[in-house]
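Below, each chain spelled out in residue letters.
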Amino acid sequence: MDMPKPDHRHQQLARLAGSWRGDEKMPASDWAPAGSATGIVENRVALDGFAVIQDYRQESSGVVTFRGHGVFTVDGDDVALYWFDTMGGSANVYRGRWQGEVLSLAAELGPMSSRCVFTVSGGRYRFEMDMKAPGGDWKNMMTGQYSKAG
């Protein structure tokens, strides 16, 4: 029996692979005042092409202020992102799909809803994360503009 092979859906995920660095903007929120930071993202294709592993860190004034670890996989027609970070708690599971160069994912995080969008084009990508409290409106939590490093 032949082993499974990654398909076009996995190849889409591989577009995220590489070393990325960029500027991030965070508007004022219930958790923190408005601010800016530098995001450093290391994405690598893993498990013979079936996953992309992400290691992320955010730095402000030369100090690491946040870290995250993600695993992107294909689950049926969806992309699943399993996300762990320095906020603690259990894994957050985001699901969504590609539409052209845009990967849109969403998750329910306890009472909060979260959505994030990766727009990948050439050697750049844009990341946007929004949150919504029950009965509230969507609020932007962070926008980052990244370029491939090296």
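Located above this text is the structure these notes cover.
The rules we used
- Residues numbered from 1 in each chain as written.
- Predicted model: local features only at pLDDT ≥ 70, side-chain atom pairs only at ≥ 80, totals over all residues.
- Heavy atoms only, no water.
- Phe/Tyr/Trp six-rings, centres within 6.5 Å; stacked < 30°, edge-to-face > 60°.
- Buried < 20%, exposed > 50% of the residue type's maximum accessible area, 1.4 Å probe, protein only.
- 1 Å grid on protein atoms, 1.4 Å probe; cavity = no way out; pocket = protein on both sides within 12 Å on 5 of 7 lines; lining within 4 Å.
- Points joined across faces, edges and corners; volume = space filled by probe spheres on them.
- Helix = DSSP H or I, 4+ residues; strand = E, 2+ residues; numbered from the N terminus.
- Nonpolar A, V, L, I, M, F, W, Y, C, P; charged D, E, K, R; others polar.
- Pairing = 2+ DSSP bridges.
- Axes fitted to C-alpha atoms, helices over the stretch in contact; angles between N-to-C directions.
- Core = buried A, V, L, I, M, F, W, Y, C linked by side-chain atoms within 4.5 Å.
- Contact = heavy atoms within 4.5 Å.
- Salt bridge = Lys/Arg side-chain N within 4 Å of Asp/Glu carboxyl O.

A. Quick look at the packing of aromatic side chains. Inspection of every chain in the model, using the stated rule, returns seven aromatic pairs. Seen from their ring centres, F118 and F127 are 4.9 Å apart, and the 55° between their planes marks the pair as tilted. Owing to a relative accessible area of 11%, F127 belongs among the buried residues under this scheme. Three or more aromatic residues link up through ring pairs in this structure, and these residues are W20, F72, F118, Y125, F127 and Y146.

B. Summary view of the layout of surface pockets. In this structure, the largest pocket spans a volume of roughly 1100 Å³. For the largest pocket, the lining is made up of 36 residues, of which F66, D85, M87, M129 and M141 are closest to its centre. Of all the elements in the fold, those that place two or more residues in the lining of the largest pocket are β2 (35–46), β3 (51–60), β4 (63–75), β5 (78–85), β6 (92–99), β8 (112–121), β9 (124–132) and β10 (139–148). Tallied by class, the residues present in the lining of the largest pocket amount to 24 nonpolar, 11 polar and one charged. Counted as a void, the second largest pocket has a volume near 210 Å³. In terms of lining, the second largest pocket is formed by 13 residues, of which the most central are D30, W31, M112, M131 and K139. Listed by contribution, the elements that provide at least two residues to the lining of the second largest pocket are β9 and β10. With three residues, the top contributor of residues to the lining of the second largest pocket is β10.

C. Representation of the sheet that holds β3 within the structure. Read around the barrel, 10 strands follow the order β1-β2-β3-β4-β5-β6-β7-β8-β9-β10 and close on themselves; strand pairing throughout is antiparallel. Each neighbouring strand pair of the sheet contributes to a mean axis angle of 25°, computed without reference to strand direction. Relative to β9, β8 runs antiparallel, the two being bridged by nine bridges. The residue bridging S113 from the neighbouring strand is K132, located in β9.

D. Up close: the nonpolar core. In terms of nonpolar packing, the biggest core is built from 30 residues, with F72, L105 and F118 touching the most fellow members. Residues contacting F72, with those up to four places away along its chain left out, are L13, L16, F50, A51, V52, Q54, V79, A80, L81, L103, L105 and F118.

E. Highlighting the pattern of salt bridges. Taken as a whole and assessed by the stated rule, the structure comprises seven salt bridges. Between E59 and R57 there is a salt bridge, with the nearest N and O atoms lying 2.8 Å from each other. On the basis of relative accessibility, which here comes to 30%, the residue R57 falls in the partly exposed class. For D75, the salt bridge identified is with R95, shortest N-O distance 2.7 Å. Pair noted here: D75 is in strand β4 and R95 is in strand β6, with a separation of 20 residues, a long-range link. For D75, a relative accessible area of 38% gives the class partly exposed.

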